[in-house]
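Chain residues, written in single-letter form:
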Amino acid sequence: MSPPRAGVFRSFEYHNFRVWSAGALVSNIGTWMQRIAQDWLVLTGLTDRDATAVGVVVALQFAPQVLLLPWTGWAADHLNRRKLLMATQATMGGLAMILGLLTVSGLVRTWHVDVFAFLLGCATAFDAPARQTFVADMVGEADLSNAVALNSTSFNASRLVGPAIAGLLIAAVGSGWVFIINAASFVSVLASLALMRPGELTARERPDAKSGSLVEGFRYVWRRPDLKVLLAMLLIFGALGLNFPIFISTMAASVFHTGAGGFGLLTSCMAVGSVIGALLAARRERPTLPLIVIGAAVFGCGYAVAAAMPSYGLFGVSLIAVGAASQTVTTSTTSLVQMSTEPAMRGRVMALLLAVALGGQPVGAPLVGWIANAFGPRWAIAVGAAAGFGTAAIGALYIARLHAGRPRIA
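The rules behind the values
Residues numbered from 1 in each chain as written. Predicted model: local features only at pLDDT ≥ 70, side-chain atom pairs only at ≥ 80, totals over all residues. Heavy atoms only, no water. Patch = residues over 30% accessible without salt bridge, like charges linked within 9 Å, V, L, I, M, F, W, Y side chains within 5 Å. Areas by Shrake-Rupley, 256 points an atom, 1.4 Å probe, with all protein chains shown as cover. Salt bridge = Lys/Arg side-chain N within 4 Å of Asp/Glu carboxyl O. Helix = DSSP H or I, 4+ residues; strand = E, 2+ residues; numbered from the N terminus. Axes fitted to C-alpha atoms, helices over the stretch in contact; angles between N-to-C directions. Parallel < 35°, antiparallel > 145°, perpendicular 65-115°, else oblique. Left-handed = near helix turned anticlockwise from the far one by under 90°. Buried < 20%, exposed > 50% of the residue type's maximum accessible area, 1.4 Å probe, protein only. Domains from an automatic or database assignment. Contact = heavy atoms within 4.5 Å. Buried area = accessible area lost by both parts, 1.4 Å probe. Core = buried A, V, L, I, M, F, W, Y, C linked by side-chain atoms within 4.5 Å. Phe/Tyr/Trp six-rings, centres within 6.5 Å; stacked < 30°, edge-to-face > 60°. Nonpolar A, V, L, I, M, F, W, Y, C, P; charged D, E, K, R; others polar.

A. A look at a nonpolar patch on the surface. A cluster of nonpolar side chains, contributed by L160, V161, I165, V272, I276 and L280, occupies part of the molecular surface with about 410 Å² of accessible area. Contributions of two or more residues to the nonpolar patch are made by helix 7 (144-172) and helix 12 (260-283). Its place among the elements puts I276 in helix 12.

Below, the structure written as structure tokens:
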């Protein structure tokens, strides 16, 4: 294990992490541009502001996290992660290009977007656990928490820029060209993977054949009360609280009556808070469960305030607090799970974590979309607030049991 380093940006001292972060930043900007263009295309271009249709697209994009779970964690633990990421990133770039060409040509239909969302979800299902665990390969165990937080900071910094650019481009040239630009952005992350120094990647423990199955991953989590609680918290938080595309797009279009630029700006407001939350996480040596509980409670309060905001500007300001709180919960949970999991099991455990965090959205997203259609976007946001409070309650109950002398955090 390498000696601990000092400073918020200490992980950038590693060559491979610097190269990766530069390439990923460009690609992530393109990814956020596509997300905005995709949701806006479905909401206003292919349907008459149908929030349920947006929810279906979100559900299809995250369903593969659960459907492919037996293989995604295995791949992250057994295959060369760098080469696996090259394959998944190239696939996602190709899918973006094809969808862009369909849109630019005027041939795109809602079912096309549904199909490509599902295929993109399949590629992401293999990409996400490999990408999360690859961070440890680049920096080692000593700086893992800092690297996870900085990786999240880069992702959310791109969310600060990408949606705003997407809003301008949608108004100027249309959603199709946004998809094509996103496809081109994948060249940067592929180049960063090619420019890495394989000899500087941390050697990792390889699982043997007996411990290579997903069943072993489930058994490992089942024996860990702390991991079970964290996954239960993420299930509620992800299924009902992280449906930002539905919450923000419906408020922008149906309540404040803004265009694609206004939608993108609101998403950037949330990204400001997410960057703040990620940078604060990078300052901490190790995340804790009480911190996650506080973050979930603040998330619930932020959503409750946002649901009541009477104007576009105040709604945008409230999203900053929501973004900071959501980032505190997700980044801290990811770091805590990785740091407390054996390296040989890390890929499968992270696949389970991502499946729980994102796999609930195939159920939660259409439900939240239906609530937005039937009762209004503000009531849909209230569901997100309830998810934050519920997540905090589960964590607080577990902490209370710890003080009573029951299961201990490993």
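B. Broad picture of the packing of helix 1 (residues 15-46) against helix 8 (residues 175-194). Where helix 1 contacts helix 8, the axes come no closer than 8 Å and their chain directions differ by 160°. Relative to helix 8, the element helix 1 is oriented roughly antiparallel. Crossing geometry of helix 1 relative to helix 8 is assigned as left-handed.

C. Structural context of the environment of Y14. Turning to its location among the elements, Y14 is positioned in the segment before helix 1. Residue classification places Y14 among the buried residues on the basis of a relative accessible area of 13%. Through-space distance from the C-alpha of Y14 to that of D39 is 37 Å; in sequence the pair is 25 residues apart.

D. The pattern of salt bridges, seen in detail. Tallying each qualifying case throughout the model produces six salt bridges. Between R81 and D137 there is a salt bridge, with the nearest N and O atoms lying 3.0 Å from each other. Taken together, the residues R81 in helix 5 (residues 81-104) and D137 in helix 6 (residues 110-139) connect sequence positions 56 residues apart. Judged by its relative accessible area of 6%, D137 is buried. Between R224 and D226 there is a salt bridge whose closest N-O contact spans 2.9 Å. When its relative accessible area of 10% is taken as the criterion, R224 is described as buried.

E. Structural context of the domain arrangement of the chain. Partitioning the chain into domains gives domain 1 (11-199) and domain 2 (212-409). In this complex, domain 1 contributes 46 residues to the contact, which on the side of domain 2 involves 60 residues. Buried area between domain 1 and domain 2, summed over both chains or domains, comes out near 4100 Å², and the portion from carbon and sulfur atoms is 69%. The tally of links between domain 1 and domain 2 comes to zero salt bridges.

F. Region of the structure containing the nonpolar core. Judged by nonpolar contacts, the single largest core of 115 residues is most densely connected at W20, M138, F244, Y303 and F315. Considering every element that reaches this core, the biggest residue donor is helix 6, with 12 residues. Counting contributing residues, this core receives three or more from each of domain 1 (11-199) and domain 2 (212-409).

G. Spatial organisation of the packing of aromatic side chains. In this structure the tally under the stated criterion is 11 aromatic pairs. Seen in terms of ring centroids, W40 and F263 are 5.4 Å apart; in terms of plane orientation they differ by 25°. Their pairing is stacked. With W40 in helix 1 and F263 in helix 12, this residue pair connects regions lying 223 residues apart in the sequence. Taken individually, W40 and F263 each receive the classification buried, so the pair is uniform in this respect. Ring centres 4.5 Å apart and planes at 50° place the aromatic pair F237 and F299 in the tilted group. Of the two residues, F237 sits in helix 10 (residues 225-241) while F299 sits in helix 13 (residues 289-308), which places them 62 residues apart along the sequence.

H. Quick peek at unusual backbone geometry. Even without glycine at this site, R49 takes up a positive phi of about 55°. Mapped onto the elements of the fold, R49 is located in the loop between helix 1 and helix 2 (51-62). Taking relative accessible area as the criterion, R49 reaches 41% and is therefore assigned partly exposed. For H257, which is not a glycine, the phi torsion comes out positive at approximately 55°.

I. Seen up close, the packing of helix 10 against helix 14 (residues 312-339). Contact geometry for helix 10 and helix 14: axes closest at 11 Å, N-to-C directions at 150°. The orientation of helix 10 with respect to helix 14, classified from their angle, is roughly antiparallel. As helix 10 packs across helix 14, the resulting crossing turns out to be left-handed. Between helix 10 and helix 14, the residues in contact are L227, L230, L234 and F237 and S326, V329, T330, T333, L336 and V337, respectively. Split by residue class, the contact of helix 10 with helix 14 holds seven nonpolar, three polar and no charged.

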